[in-house]
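Analysis of the macromolecular model
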Amino acid sequence: MKILIVRMYADFLNIKNYNCQEIGLAKALIRKGNVCDIVLYTESKFYEEDIIFDESKKIHIYYLPAKRILKNAFFDLKLYDITSNYDIIQTAEYDQIGNVKLRRKVNNHMVIYHGPYLSEYTKGYSKKCIISDLYYLFNPKYKNTLCISKSNLATELLNTKGFKNVTTVGVGLDAERFQKYIESSEKIKELIKIKQDNKLKFLLYIGKIEDRRNIMFLFDILKNVSEKDKNIRLILVGKGNKDYVNKCFEYAKEKNIFDKIIYIESMPQQELPTLYKCCDIFLLPTQYEIFGMVLLEAMYFGLPPVTTLNGGSSTLINHLENGFICDLNDINSWTNVILELLYNENKRMEISQKASQKIKECFMWEKLADKFIDVYNKVLNSES
């Protein structure tokens, strides 16, 4: 089978980023005997490149210019010439208006891989959907397109929009990104020594320092738990807008917890496994998350996750079994869960084992690729 993944966004994607889902999926599909290439946006003229892996396997990347209107990508006509060489065209997000024309051009051999869902935090996205939905009134066959969703919440959105053929699959992890060994940095070695010498307990947050991720509430949590246990520290890893980062740290000083935060602006991805393994609990108090690759990673490395209801948690976490889903901004709930995990080692180890098992057995790209192929076959069989 020849598959083309079209990333329907008019923004540049750094394919060397470990969060590149398109690359992870393409590798897994190719390893199963398929051809899989990718279309990405470029601000320059059309060009191509190859990614070689497993010594001789290849992903071909087409970089195409596109116009961006209300976050909709309208690619150059070159896209339709490229698609004629493939059996399945996998595009992204139901609300991309350009999908309608693409579906007609490829004789309905299209699958939509969708991630966003509706929430109080995404009012702008809700408005964008209204515009798309009005357009789809004149294209009713569009909603017959088979869809793959990234989460249970995304499936709920697609169902409310009238899509009946939706398969919830999730997002996979490309563990190869962590397999290149590098010696632990002095920072990691120092953290491990400090923890051991002072019998500390480490909470971990990795991600962008931004309002969506609820950083100030994260500091409220730290304030609460550190009042119960002075040996708790928060490892905070990530970059953000300078003014917002400064605002957050000023808030931490007001709460008298600034000295309990160990801030690391960035870290090589090859060092993340060591960091995950030297911490005790992973915290993600996000207000909105399409999936959350850090949640996937933390669970893979056996770090018990505590988070909100979001795309990733709705699909990855069985509450109380392999992680915890707490109500947004319910400080008492978060505090109680964290302290229970820190003081009950058997419980923490049980959650850790089940979290890692869930990812390794169900959410590696090699595992998910079969589910994608099943959907692709349904498309092809419906034409025969």
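Residues numbered from 1 in each chain as written. Predicted model: local features only at pLDDT ≥ 70, side-chain atom pairs only at ≥ 80, totals over all residues. Heavy atoms only, no water.

Quick look at helix α8 (residues 242-254)
The cut-off we apply is this: A helix here means a DSSP run of H or I that spans at least four residues, while a strand means a run of E at least two residues long, and both kinds are numbered starting from the N terminus. By definition here, a helix of n residues has an expected span of 1.5 Å times n minus one. Between buried and exposed lies partly exposed: a residue is buried under 20% and exposed over 50% of the maximum accessible area for its type, with that area taken using a 1.4 Å probe on protein chains only. Comment: arc refers to directions from the helix axis out to C-beta atoms. Any two residues having at least one pair of non-hydrogen atoms within 4.5 Å are treated as being in contact.
Here α8 is 13 residues long and its end C-alpha atoms lie 18 Å apart, about the 18 Å a rise of 1.5 Å per residue gives. Of the residues making up α8, those classed as buried are Y244, V245, C248, F249, Y251 and A252. In an axial view of α8, the angular spread of the buried residues amounts to 150°, which keeps them on one side of the axis. Facing away from the buried side of α8 by more than 90 degrees, the exposed set consists of K242, D243, K247 and E254. Elements that come into contact with the buried residues of α8 comprise α7 (215-228), β12 (232-237) and β13 (261-264).

A closer look at the packing of aromatic side chains
To keep it simple, the criterion reads: Put simply, two rings from Phe, Tyr or Trp (the six-membered ring, in Trp's case) pair if the centres are within 6.5 Å, and we call them stacked under 30 degrees between planes, edge-to-face over 60, tilted for the rest. By definition, being over a ring means that NZ of Lys or CZ of Arg is both within 6 Å of the ring centre and within 35 degrees of the ring normal.
Applying the stated criterion across every chain, the model contains 17 aromatic pairs. With 4.5 Å between their ring centres and 40° between their planes, Y117 and Y288 make a pair best called tilted. In this pair, Y117 sits in the loop between β8 (110-114) and α4 (123-136) while Y288 sits in the loop between β14 (281-284) and α10 (293-300), placing the two residues 171 residues apart along the sequence. Side by side, Y117 and Y288 carry an identical accessibility label, which is buried. Ring centres 5.1 Å apart and planes at 65° place the aromatic pair F249 and Y263 in the edge-to-face group. Taken together, the residues span a long stretch of sequence, with F249 in helix α8 and Y263 in strand β13 at a distance of 14 residues. Taken together, Y94, Y135, Y136, Y142 and F163 form an aromatic cluster joined through their ring pairs. Positioned above the aromatic ring of Y113, the side-chain terminus of K150 is 5.0 Å from the ring centre. Cation over ring: K360 sits above Y300, and NZ or CZ is 5.3 Å from the ring centre.

Some points on the packing of α10 against helix α13 (residues 345-362)
Two numbers describe a pair of packed helices, the interaxial angle and the distance between the axes. Applicable threshold: Between the N-to-C directions of two axes lies an angle of 0 to 180 degrees, each axis being a line fitted to C-alpha atoms and, for a helix, fitted only over the stretch in contact. Should an angle lie under 35 degrees it is considered roughly parallel, over 145 roughly antiparallel, and from 65 to 115 roughly perpendicular; all remaining angles are considered oblique. Any residue that is not Ala, Val, Leu, Ile, Met, Phe, Trp, Tyr, Cys, Pro, Asp, Glu, Lys or Arg is counted as polar, Gly included; the first ten are nonpolar and the last four charged.
Where α10 meets α13, the closest approach of the two axes is 7 Å, and the angle between their N-to-C directions is 115°. The orientation of α10 relative to α13 falls into the category roughly perpendicular. Residues L296, M299 and Y300 of α10 form the contact with α13, whose own contacting residues are A355, S356, I359 and K360. Considering only residue class, the contact of α10 with α13 consists of 5 nonpolar, 1 polar and 1 charged.

Describing the pairing of strand β4 (residues 57-64)
Consecutive side chains along a regular strand alternate between the two faces of the sheet. Put simply, the test is: A pair of strands counts as paired when DSSP detects no fewer than two bridges linking them.
Taken across its 8 residues, β4 has 6 buried, putting it largely inside the fold. Note: strand β2 (residues 35-41) against β4, 4 bridges, orientation parallel. Its bridge partner being in β4, Y41 is matched across the sheet by L64. Bridge count for strand β3 (residues 47-53) against β4 is 7 bridges, and the pairing is antiparallel. Its bridge partner lying in β4, E49 is registered against I61. From the end of β3 to the start of β4, which pair antiparallel, there are 3 residues, and D54 there has a positive phi angle of about 50°.

Things to note about the pairing of β8
Applied cut-off: When the strands point away from the viewer, a crossover counts as right-handed if the path from the first strand over the helix to the second runs clockwise.
Buried residues dominate β8, accounting for 5 of its 5 residues. By the alternation rule, side chains of β8 split into M110, I112 and H114 and V111 and Y113, which are all buried. One ladder, built from 4 bridges, connects strand β7 (residues 88-92) with β8; its direction is parallel. Its bridge partner lying in β8, I89 is registered against M110. Crossover handedness for the path β7 to helix α3 (residues 98-105) to β8: right-handed. Alignment of β8 against strand β9 (residues 146-149), held across 4 bridges, turns out to be parallel. Directly across from V111, in β9, lies its bridge partner L146.

Some thoughts on unusual backbone geometry
Most of the time, phi is negative for any residue but glycine, and the peptide bond is trans. One non-glycine residue, D54, lies in positive phi territory at about 50°. Assignment of secondary structure puts D54 in the loop between β3 and β4. The class of D54 is partly exposed, set by a relative accessible area of 34%. For N107, which is not glycine, the phi dihedral falls at a positive 55°. Relative to the assigned elements, N107 resides in the loop between α3 and β8. On the basis of relative accessible area, N107 is assigned to the exposed category, the value being 53%.

Here's the deal with a nonpolar patch on the surface
Filter applied, for reference: Each patch is built from salt-bridge-free residues with over 30% relative accessible area, joining like charges within 9 Å and nonpolar side chains (Val, Leu, Ile, Met, Phe, Trp, Tyr) within 5 Å. Residue-level accessible areas treat just the shown protein chains as cover; the underlying method is Shrake-Rupley with a 1.4 Å probe. Only one rule defines a salt bridge in this text: a Lys or Arg side-chain nitrogen within 4 Å of an Asp or Glu carboxyl oxygen.
On the surface, a cluster of nonpolar side chains totalling about 360 Å² of accessible area is made up of I69, L70, F74 and I131. Within the fold, I131 resides in helix α4.

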